[in-house]
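An overview of the molecular structure
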Amino acid sequence: VGHCHPDIVKAAHEQNQLLNTNSRYLHDNLVDYAERLSKTLPEKLCIFYFLNSGSEANDLALRLARQYTKHEDVIVLDHAYHGHLTSLIDISPYKFRNLEGQKEWVHVAPVPDTYRGLYREDHEDSVTAYADEVKNIIEHAHKKGRKIAAFFVESLPSVGGQIIPPAGYFQKVAEHVHKAGGVFIADEIQVGFGRVGKHFWAFQLQGEDFIPDIVTMGKPIGNGHPLACVATTKEIAEAFAATGVEYFNTFGGNPVSCAIGLAVLDVIEKEHLQAHATEVGNFLMKILKEQQIKHPIIGDVRGCGLFIGVDLI
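Parameters at a glance
- Residues numbered from 1 in each chain as written.
- Predicted model: local features only at pLDDT ≥ 70, side-chain atom pairs only at ≥ 80, totals over all residues.
- Heavy atoms only, no water.
- UniProt positions renumbered as here; feature names shortened; annotations may be inferred.
- Buried < 20%, exposed > 50% of the residue type's maximum accessible area, 1.4 Å probe, protein only.
- Helix = DSSP H or I, 4+ residues; strand = E, 2+ residues; numbered from the N terminus.
- Contact = heavy atoms within 4.5 Å.
- Phe/Tyr/Trp six-rings, centres within 6.5 Å; stacked < 30°, edge-to-face > 60°.
- Pairing = 2+ DSSP bridges.
- Axes fitted to C-alpha atoms, helices over the stretch in contact; angles between N-to-C directions.

Under an unreviewed UniProt entry, the protein chain has the name AT2L2 lyase and belongs to Irena cyanogastra. The annotation that UniProt attaches to the protein chain under Cofactor (unreviewed entry) is "pyridoxal 5'-phosphate". The protein chain has a UniProt comment under Sequence similarities (unreviewed entry) that states "Belongs to the class-III pyridoxal-phosphate-dependent aminotransferase family."

**Side note on helix α7 (residues 169-179)**
When we look at burial in α7, the residues that qualify are Tyr 169, Phe 170, Gln 171, Val 173, Ala 174, His 176 and Val 177. The inward-facing, buried residues of α7 abut β2 (73-77), α6 (126-143), β4 (148-154) and β5 (183-187). A positive backbone phi angle near 85° is found at Gly 181, which sits one or two residues after α7.

**Side note on the packing of aromatic side chains**
For the structure on display, the rule yields 15 aromatic pairs. Ring plane angle 90° and centroid distance 6.0 Å describe the contact between Tyr 49 and Phe 240, whose orientation is recorded as edge-to-face. Taken as a pair, Tyr 49 in strand β1 (residues 47-51) and Phe 240 in helix α8 (residues 234-241) lie far apart in primary sequence, 191 residues in all. Like Phe 240, Tyr 49 is buried. On the basis of an interplanar angle of 55° and a centroid distance of 5.1 Å, the ring pair of Phe 170 and Phe 184 is categorised as tilted. Residue Phe 170 is located in helix α7, and its partner Phe 184 is located in strand β5; the two are separated by 14 residues in the primary sequence. The buried category is assigned to Phe 170, whose relative accessible area is 0%. Taking the relative accessible area as the measure of exposure, Phe 184 reaches 0% and is therefore buried.

**Brief notes about the sheet that holds β2**
Taken in spatial order, the seven strands line up as β1-β7-β6-β5-β4-β2-β3 in an open sheet, and their pairing is mixed. Lying at the two open borders of the sheet, with one neighbouring strand each, are β1 and β3 (106-109). Along the sheet, successive strands turn relative to each other by an average axial angle of 20°, direction set aside. Across four bridges, the pairing between β2 and β3 is parallel. Bridged to Val 74 within β3 is Val 106. Contacts between helix α2 (residues 28-38) and the sheet are confined to β1, β6 (214-217) and β7 (228-232), with β1 contributing the most and set at about 120° to the helix. Across the face of the sheet, α8 comes into contact with β1, β5, β6 and β7 while running at roughly 60° to β1.

Structure (structure tokens):
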């Protein structure tokens, strides 16, 4: 919502003057913020864990998936990046290809890119073709006696090249993953909070009938303040709690972080930032497409709201 936004600075300052404490102490801000955040999400995603960074959020999502499914393996998209913890480097082809390579429990699916990918705009059904790639990975893993815990994906792959997956792809993939006993994790760390304009969450671009099992948030959630969140279902949270090993994060969800989180949501609403992202994004796309006609080096212009990619060839 902008550098040093006065509303955010004020919220942080006011709460700092009152109390900041670790999250073993109960505080209204935590509940108020969880309730407010829940209004932006489908009803089924009603349990919230608060953390300090997107990497922490993705690591917890991985733990939740494994505990719930009792499976280990993860399917990710090629070129993906999900964070800097060891567990996340392992599921980030963008990183592990330059390090120790691919672990046995990690499976890499092709990016659903209809410009440069395996199946392009001229393909009769790129959605099914890309989803079938995931289905084939699952079948291959099963033959080796492995079981899928999660399909882990950015709702719009960013490091992978600002890719807009074709609508319906997530639904078909989720079908294959659920059938295999796995869960669908949507990483909204770079693309959530109204960045795509017409929706608050990028996964909503896939259609109203699609709901992930776990959603992770980071980056814009605290406007530069370290704040992150994992939203999930009651069933997954209960399976996680059943271990008896409670989830605890000293400063995840502390009163100051939650005051800032609430202020960010206020600003997004009050300043109509979703509409702004749509309007400015549409304008930018329009002028970039005009440039594309003039310059052969511009192969593709794609995007939604203020998530835009220009593919130079």
